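If you want the building blocks of each chain, they are given just below.
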Amino acid sequence: MQVFDISRELISAPLYPGTEEPQVIPQMRYGENGSHYNLSKLDFGAHVSTHCDACWHFDNDGSDIAHMPLEHYVGECFVMEVPENTLISGEYMKDRLPQGVKRLLIKGGGESFLSNEAADYIQASGVITVGTDGWSVSPLNNESRIHRVFLANRVAIIEQLDLSAVEEGYYTLSAAPVKIAGCDGAPCRALLFRD
C-alpha cells in the first residue's frame, strides 16, 4: 500500500492574506532551569496550513468542527487535476467530475479556484467533501458565496492540501480535523492511501 502525506507543514505553509504567522512558543526546554522535558504552546489561527472548515464557518446553523460528521474526511476520494492559475468553470466540472464521487480533491498548483457555476454543480452532484491545494476553494473576491454554497448544504471543505506528489485518480482519504468544540475550523493531518 502506498501512503501519501498531503498535509503542509503548519509553521512554513503559505499564509492566507492578512493571517498572522503561526508560532511554537517554548514553555519548558529540556536542561534549562532544571526542566526534564520540552513543552510548547501553539499560537495559530484555525485556518492556517492544511485545515478543515466547519459548516459554522459561514453558517450560524451549521456544525462546529467538533461535530462535523467524520465520514466527510474518511473514505474513497477522487483527485482531479485542473489547469493551474485558472477559474474552474461549471462546464469543465460537468465534463470531468466522475459520477458518484463523494469526496473531491482539486489539484491546481495552489492557484486554481472554483467559479460559482462549478461550486453549484459540485454541490448538486452529491459530493460531501471538497478539498483543494489552494488557500481556499474560492477566489479571494468571492469567498462568501462559494463557501455558503458548500457549508450551508453540509458539504465539508479541506483547504491548503499538498497534492504535488499525487496524480489524478481514486484514493482512500483520511483527513479528520482536530476535535475542538465551538470552533469554525481546525488543522488536520491529511493522508491518501492507494493499493
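Residues numbered from 1 in each chain as written. Predicted model: local features only at pLDDT ≥ 70, side-chain atom pairs only at ≥ 80, totals over all residues. Heavy atoms only, no water.

### Focus: the overall build of the protein
Per the secondary structure count, the protein includes 3 helices and 13 strands. Computed over the C-alpha atoms, the radius of gyration of the protein is 17 Å, within 12% of the 16 Å expected from 2.2 N^0.38 for a compact globule of 195 residues. In terms of overall dimensions, the protein has a C-alpha envelope of 65 × 40 × 30 Å along the principal axes. Expressed as a percentage of the 195 residues in the protein, the buried residues total 45%. Long-range pairs, those at least 24 residues apart, make up 71% of the contacts in the protein between residues at least 6 apart in sequence. Accessible surface for the protein amounts to roughly 9900 Å². Of this, 49% is attributable to carbon and sulfur atoms. Here the protein carries 14 positive and 27 negative side-chain charges, and the mean point of each set is 4 Å from the other. (Helix = DSSP H or I, 4+ residues; strand = E, 2+ residues; numbered from the N terminus. Rg over C-alpha atoms; globule rule 2.2 N^0.38 Å. Buried < 20%, exposed > 50% of the residue type's maximum accessible area, 1.4 Å probe, protein only. Contact = heavy atoms within 4.5 Å. Areas by Shrake-Rupley, 256 points an atom, 1.4 Å probe, with all protein chains shown as cover. Lys, Arg positive; Asp, Glu negative; His and termini not counted. Charge placed at Lys NZ, Arg CZ, Asp CG, Glu CD.)

### Details of the pattern of salt bridges
Taken as a whole, this structure holds 6 salt bridges when the rule is applied. D59 is the salt-bridge partner of R154, the closest N and O atoms lying 2.8 Å from each other. Within this pair, whereas R154 is found in the loop between α3 (143-151) and β10 (156-159), its partner D59 is found in the loop between β4 (51-53) and β5 (74-81), the two being separated by 95 residues in sequence. Among the residues examined, D59 registers a relative accessible area of 14% and is labelled buried. The salt bridge involving K94 is made with E91; its shortest N-O contact spans 3.6 Å. Of this pair, K94 and E91 are both found in helix α1 (residues 90-96), 3 residues apart, which corresponds to roughly one turn of the helix. For K94, a relative accessible area of 44% gives the class partly exposed. (Salt bridge = Lys/Arg side-chain N within 4 Å of Asp/Glu carboxyl O.)

### Describing the environment of L104
Structurally, the position occupied by L104 is in strand β7 (residues 103-107). Sequence spacing of L104 and A54 is 50 residues, and the spatial spacing of their C-alpha atoms is 17 Å. Those residues in contact with L104 that sit more than four places away from it in its chain are F78, M80, M93, L97, I122, V127, T129, V130 and G131.

### Focus: empty space enclosed by the protein
Enumeration over the complete set of coordinates arrives at 1 cavity of 30 Å³ or more. The computed volume of the largest cavity comes to approximately 30 Å³. I88, I106, S112, F113, L114, T132 and V137 together form the lining of the largest cavity. For the lining of the largest cavity, a count of residues per class yields 5 nonpolar, 2 polar and no charged. (1 Å grid on protein atoms, 1.4 Å probe; cavity = no way out; pocket = protein on both sides within 12 Å on 5 of 7 lines; lining within 4 Å. Points joined across faces, edges and corners; volume = space filled by probe spheres on them. Nonpolar A, V, L, I, M, F, W, Y, C, P; charged D, E, K, R; others polar.)

### Notes on a nonpolar patch on the surface
Taken together, I11, V24 and L42 make up a surface patch of nonpolar side chains, about 260 Å² in accessible area. With respect to the helices and strands, I11 occurs in the loop between β1 (2-5) and β2 (23-28). (Patch = residues over 30% accessible without salt bridge, like charges linked within 9 Å, V, L, I, M, F, W, Y side chains within 5 Å.)

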